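# A structural walkthrough
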Amino acid sequence: MLNQPKDFWNMRAQTYDRTSGQTYADTYDKTAELSLRYLKPSNRVLEFACGTGLLTLRIAPHVARLRGIDISPKMAEVAREKARDLAHVEITNTDLFDPCLEPGSFDAVCAYNVLLYLPDLPAALARIRALLKPGGVFLSATDCLGSRPSAMGLKKLVNSRTGKMPFVAFFSQRGLERKIARSGFDVLERENLYPNPPNLFVAARVKP
């Protein structure tokens, strides 16, 4: 059984780039392009669930500091190796709620392709809001498996119910946008980046 998130993502670490990374390369490019509209060269950025660093390396050259965290030691190890020559990038095997992450210390928090795997999304969004400085931005891209039926959605439903993978949420695009807004954010932009299942990019700013 691989229903524990750390075990599941450790197992995926060595093949992730040549499976998801290649299949969704254009989507990763679009995610980075949209994100960079909201990031400044002076920004200190936290990337929550950085995985193997597919987006870390696309964003890092454009910001002052980037801290990537992931609950999977093996995912973090792959990302750390990729970023070894980038002195302003730090990759650690760290949980979002670890007290080493200080409230109000980031200009932006990025969470790509992770929100659907969080059993308590409101708590995670509240924590992200707390980590941001006043006026900070939250950038995410998330598969919305509840928007319409898809082969991937069916596969993930079966795998999560049978213990082959951890929890998976099935929210719609509008539903996810509402959850973000209700967590103390003003939604600035939303765009679907993939036909099916929809991969929704959202840019949001901490409400005053």
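The present account deals with the structure reproduced in this document. (Residues numbered from 1 in each chain as written. Predicted model: local features only at pLDDT ≥ 70, side-chain atom pairs only at ≥ 80, totals over all residues. Heavy atoms only, no water.)

### Observations regarding the overall build of the protein
The secondary structure content of the protein amounts to eight helices and seven strands. For 208 residues, the compact-globule estimate of 2.2 N^0.38 gives 17 Å, and the protein sits close to it at 16 Å. Residue burial in the protein is summarised as follows: out of 208 residues, 52% are buried. Of the contacts made within the protein by residues no fewer than 6 positions apart, 68% connect residues no fewer than 24 positions apart. (Helix = DSSP H or I, 4+ residues; strand = E, 2+ residues; numbered from the N terminus. Rg over C-alpha atoms; globule rule 2.2 N^0.38 Å. Buried < 20%, exposed > 50% of the residue type's maximum accessible area, 1.4 Å probe, protein only. Contact = heavy atoms within 4.5 Å.)

### Quick notes on the pattern of salt bridges
Enumeration according to the criterion identifies eight salt bridges in this entry. The partner of Asp-17 in a salt bridge is Lys-82, with the nearest N and O atoms 2.6 Å apart. Of this pair, Asp-17 sits in the loop between helix H1 (5-12) and helix H2 (20-23) while Lys-82 is found in helix H5 (residues 73-82), placing the two residues 65 residues apart along the sequence. A salt bridge links Arg-58 to Asp-29, with the shortest nitrogen-to-oxygen separation between them at 2.9 Å. (Salt bridge = Lys/Arg side-chain N within 4 Å of Asp/Glu carboxyl O.)

### Comments concerning the state of the cysteines
Going through the model one piece at a time under the given rule, you end up with zero disulfides. The cysteine Cys-100 is free of any disulfide, with Cys-50 supplying the nearest cysteine sulfur at 13 Å. Take Cys-144: it sits in no disulfide, and the sulfur closest to it among the cysteines is that of Cys-110, at 17 Å. Taking relative accessible area as the criterion, Cys-144 reaches 0% and is therefore assigned buried. (Disulfide = S-S within 2.5 Å.)

### Description of the packing of H1 against H5
Relative orientation of the contacting elements H1 and H5 amounts to 40°, with a least axis distance of 7 Å. Of the possible angle classes, the one that applies to H1 and H5 is oblique. In this structure, H1 contributes Lys-6, Trp-9, Asn-10 and Arg-12 to the contact, and H5 contributes Pro-73, Lys-74 and Met-75. (Axes fitted to C-alpha atoms, helices over the stretch in contact; angles between N-to-C directions. Parallel < 35°, antiparallel > 145°, perpendicular 65-115°, else oblique.)

### Section: unusual backbone geometry
A cis amide bond links Asn-196 with the next residue in sequence, Pro-197, at an omega value of 0°. Here Pro-197 is to be found in the loop between strand S6 (185-192) and strand S7 (199-206). Phi at Ala-49 is positive, roughly 60°, even though this residue is not glycine. In this fold, Ala-49 is placed in the loop between strand S1 (44-48) and helix H4 (56-59). Note on Ala-49: relative accessible area 19%, which makes it buried. The phi torsion at Asn-113 lies on the positive side, around 60°, for a residue other than glycine.

### Focus: the nonpolar core
Counting 67 residues, the largest nonpolar core has Phe-48 and Phe-138 as its most contacted members. With residues near it in sequence (within four places) discarded, Phe-48 still touches Ile-69, Leu-96, Cys-110, Ala-111, Tyr-112, Val-114, Leu-118 and Ile-128. (Core = buried A, V, L, I, M, F, W, Y, C linked by side-chain atoms within 4.5 Å.)

### As for the sheet that holds S6
Taken in spatial order, the seven strands make up an open sheet running S3-S2-S1-S4-S5-S7-S6, and their pairing is mixed. Each edge of the sheet is formed by a strand with only one pairing partner; in this case those strands are strand S3 (89-92) and S6. Between one strand and the next, the sheet's axes are offset by a mean angle of 15°, whatever the strand orientation. With four bridges connecting them, strand S2 (residues 65-69) and S3 associate as parallel partners. Considered in S3, the bridge of Ile-69 is made with Thr-92. Of the strands in this sheet, S1, strand S4 (106-112), strand S5 (132-143), S6 and S7 touch helix H6 (residues 121-131), which is tilted by about 140° from S5. (Pairing = 2+ DSSP bridges.)

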